[in-house]
Amino acid sequence: MSLPAASSPLETLVNYLTGAFENKAQAQADPTWYVHLRLWQRRVLQLSDGQTHTLFLEQASVAAGQPPYRQRILQLSNGQLSDRQPNHVAGEAGLLFGKYFALADPLKFRGAGTEASLLEGMSTADLVALPNSESHIRYQSLSNSAPSNGYQFQAALPDGKLCSFDYDGQQRYVYLGFDVAPRAGGIELLTYDKGIDPGTGRGLWGALMGPFCMIKQMSFD
């Protein structure tokens, strides 16, 4: 799979994340802990501009063969960069921001991972702000002399915070995080999302034994 052309860190991150991903190899190697998932991440053009990029996220269990679930929104934007140099050099670190939203009516957009036209009517009125959902995304150039070799990105909620949301009338808590970078086989996305019991700190579901290793299968223009 070809990598995106050289661009700003924010544009590069959006290019890395936009597409269809699977963890088929991981699920085959360790089926006890990792179900075979398919993840779609698409741009929502009408909610994006030069400073903020909005992505629709949706996933499905390939083995279960059930409809997609966990529809959500991730908005990516530039943040203040620390110790930036005029040119990208190895060892340079910078900071971007991500913010997650729930959808007021997730079923309205079910299937948009494969049918992009379903996103055409999405507006800010469809987004539900979530407490503690702002992610810090640190990035680093992968090359001394060739920025086109890309960046590696690490996203995490700051200060051990947990994002919360309502589900079936109960307050649920989730840790959100990911790493993404180009690898020999293409774009590799490691997802650390997991439900958390706020009383004990114990993981309840998700990446309990380590991140899900998602490999990009297809890019979306």
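Residues numbered from 1 in each chain as written. Predicted model: local features only at pLDDT ≥ 70, side-chain atom pairs only at ≥ 80, totals over all residues. Heavy atoms only, no water.

Engineer: Got a minute to help me understand the pattern of salt bridges in this structure?
Structural biologist: Charged atoms that come close allow side chains of opposite charge to pair. Counting across every chain of the model gives five salt bridges. Taking the shortest distance from any N to any O, the salt bridge between Glu22 and Arg38 comes out at 2.6 Å. With Glu22 in strand E1 (residues 19-22) and Arg38 in strand E2 (residues 37-43), this residue pair connects regions lying 16 residues apart in the sequence. Residues Glu134 and Lys99 are paired through a salt bridge, measuring 3.9 Å at the closest nitrogen-oxygen approach. Residue Glu134 is located in strand E6 (residues 127-141), and its partner Lys99 is located in strand E5 (residues 93-103); the two are separated by 35 residues in the primary sequence. Given a relative accessible area of 47%, Glu134 falls into the partly exposed group. (Salt bridge = Lys/Arg side-chain N within 4 Å of Asp/Glu carboxyl O. Helix = DSSP H or I, 4+ residues; strand = E, 2+ residues; numbered from the N terminus. Buried < 20%, exposed > 50% of the residue type's maximum accessible area, 1.4 Å probe, protein only.)

Engineer: What's the story with the environment of Gly210 in this structure? I'm lost.
Structural biologist: Relative to the assigned elements, Gly210 resides in the loop between strand E13 (203-206) and strand E14 (212-219). Residue class for Gly210 comes out partly exposed when judged on its relative accessible area of 21%. Distance from Gly210 to Trp33, taken between C-alpha atoms, is 9.3 Å for residues 177 residues apart in sequence.

These figures capture arrangement, not role.
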